[in-house]
Amino acid sequence: MRAPDHRIVLGLHRSRHECGLLAAALDLGITRIDTSFNYRDFTSHAALSRLGSGLLDRCSLSTKVGFFPRHDGTAEHSLDAARLRQALEQTNRDLRRAPDLVFLHNPERSLPGTPRDAREKLGAACAVLEDAVAGGLCGAWGIASWDPAPLAAVVDGALPAPSVLTVPAGLLAGIATLDAAQTLAEQWQLGMEARWGMSPFGGSTNSAVWEAVDARMFLQPEHRGASRVQAAFRAAYLLPPASCLLPPASCRHGRGGLGRRRTPA
């Protein structure tokens, strides 16, 4: 087994939930895994708990709350405080442990129209996660956002500050996303260690863009011996500045895992 590498977080969106995958990650030194309340059709947490404490207890586990099941089997997003609290409690029951970190999942999807209302709604949702930390339901809380611009427009110093901010990263992340992520990090006074990047390959390492764009041109000369995908991964730490990256477990092969139906990331 290699020494732990805390710069990489193994993402389980659309990926397999099996002992072999987790054991292989641990052998490579990857000791952080990330899932969500809604992954694997809302069964990810229970599936992970069935892997047994021997593997799971060796990992730092992050998850997310914000999407909830509808009666028709689809997912809906909500920042309702009671639903968030219930999801946190169910997460603990399903995992049979408290997660190390819980993200508020894509809060921009349910913000009201006016800045004042949006600020109040976001603040109430953040307070639920802050209370969850105090109550032992999780070790820390964060924000995971695909579109941080709406959040940057309403966040101020009065809102609870997360421990971690996760946003899209890499050469395919748009300038508006990068600027908004930087603004959010500054508003919450988050240092580099609190900034995570996700989707460094924009969804797939097999995308045609990685044949057309040689990311090695962005690296220092001593690192230009890397492959194009390795170079894109290394460059993603810089756009926006991030202490670690969250690629999906399936990205090596450019396809999804064994989940039964795609759910929001």
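Below, the structure is looked at part by part.

**Topic: helix α5 (residues 81–95)**
Then, in step 1: Compared with the 21 Å implied by 1.5 Å per residue over 15 residues, the 21 Å span of α5 between its first and last C-alpha is a close match.
Then, in step 2: Here α5 has its buried residues at L84, A87, L88, T91, N92 and L95. Down the axis of α5, the buried set is contained in an arc of 135 degrees. They therefore lie on one face.
Then, in step 3: Between the side-chain oxygen of the N-cap and the backbone nitrogen of A82 there are 3.2 Å, and the N-cap of α5 in question is D80.
Then, in step 4: Directly beyond the C-terminal end of α5, a positive phi value near 65 degrees is found at R96.

**Comments concerning the pattern of salt bridges**
Then, in step 1: For the structure on display, the rule yields 9 salt bridges.
Then, in step 2: With its nearest N and O atoms 2.9 Å apart, the salt bridge here joins D5 to R7.
Then, in step 3: According to the relative accessible area criterion, R7 is partly exposed, its value standing at 48%.
Then, in step 4: Of the charged contacts, one joins R70 and E76 as a salt bridge, the two residues approaching to 3.4 Å between their closest N and O atoms.

**Remarks on the side chain of S44**
Then, in step 1: As for its placement among the helices and strands, S44 is situated in helix α3 (residues 44–49).
Then, in step 2: S44 gets classed as buried once you look at its relative accessible area, which sits at 0%.
Then, in step 3: The residues touching S44, leaving out its near neighbours within four places in the chain, are H17, T35, S36 and Y39.

**Focus on the nonpolar core**
Most often, soluble globular proteins keep nonpolar side chains buried together rather than apart.
Then, in step 1: Core analysis: the biggest nonpolar cluster contains 36 residues, and V65, L104, L122 and I143 have the highest contact counts within it.
Then, in step 2: Within the residue set of this core, elements represented by two or more residues are α5, β6 (101–105), α6 (115–134), β7 (141–144), α7 (149–152), β8 (164–168) and α8 (175–187).
Then, in step 3: For this core, the leading source of residues is α6, giving 7 residues.
Then, in step 4: Apart from the residues lying within four places of it in its own chain, the contact partners of L122 are L104, P107, L111, L151, V154, V155 and L159.
Then, in step 5: If you look at the next biggest cluster of nonpolar residues, it comprises 28 residues, including A25, F201, L219 and A232.

Calculation notes
- Numbers given to residues run from 1 along each chain, matching the order in which its sequence is written.
- Thresholds applied to this predicted model are a pLDDT of at least 70 for local features of residues and 80 or more for the giving and counting of side-chain atom pairs; totals over whole chains, interfaces and linings are not thresholded and use all residues.
- Hydrogens and water molecules were not included; the side-chain quantities draw on all heavy atoms of the structure.
- Every helix listed is a DSSP run of H or I at least four residues long, and every strand listed is a run of E at least two residues long, numbered separately from the N terminus.
- The span expected for a helix works out to 1.5 Å for each residue beyond the first.
- Under the scheme applied here, a residue whose accessible area is under 20% of the maximum for its type counts as buried, over 50% as exposed, and between as partly exposed, the area being computed with a 1.4 Å probe on protein chains only.
- By arc we mean the arc of the directions from the helix axis to the C-beta atoms, nothing more.
- The term polar contact refers here to a pair of N or O atoms within 3.5 Å; inside protein, the definition further demands a hydrogen-donor-capable atom paired with an acceptor-capable atom, and it admits residues adjacent in sequence only when both atoms are side-chain atoms.
- Note on definitions: salt bridges are taken to be side-chain nitrogens of Lys or Arg within 4 Å of carboxyl oxygens of Asp or Glu.
- Should any heavy atoms of two residues lie within 4.5 Å, those residues are counted as being in contact.
- Residues grouped as a nonpolar core are buried Ala, Val, Leu, Ile, Met, Phe, Trp, Tyr and Cys residues, joined through side-chain atoms within 4.5 Å.

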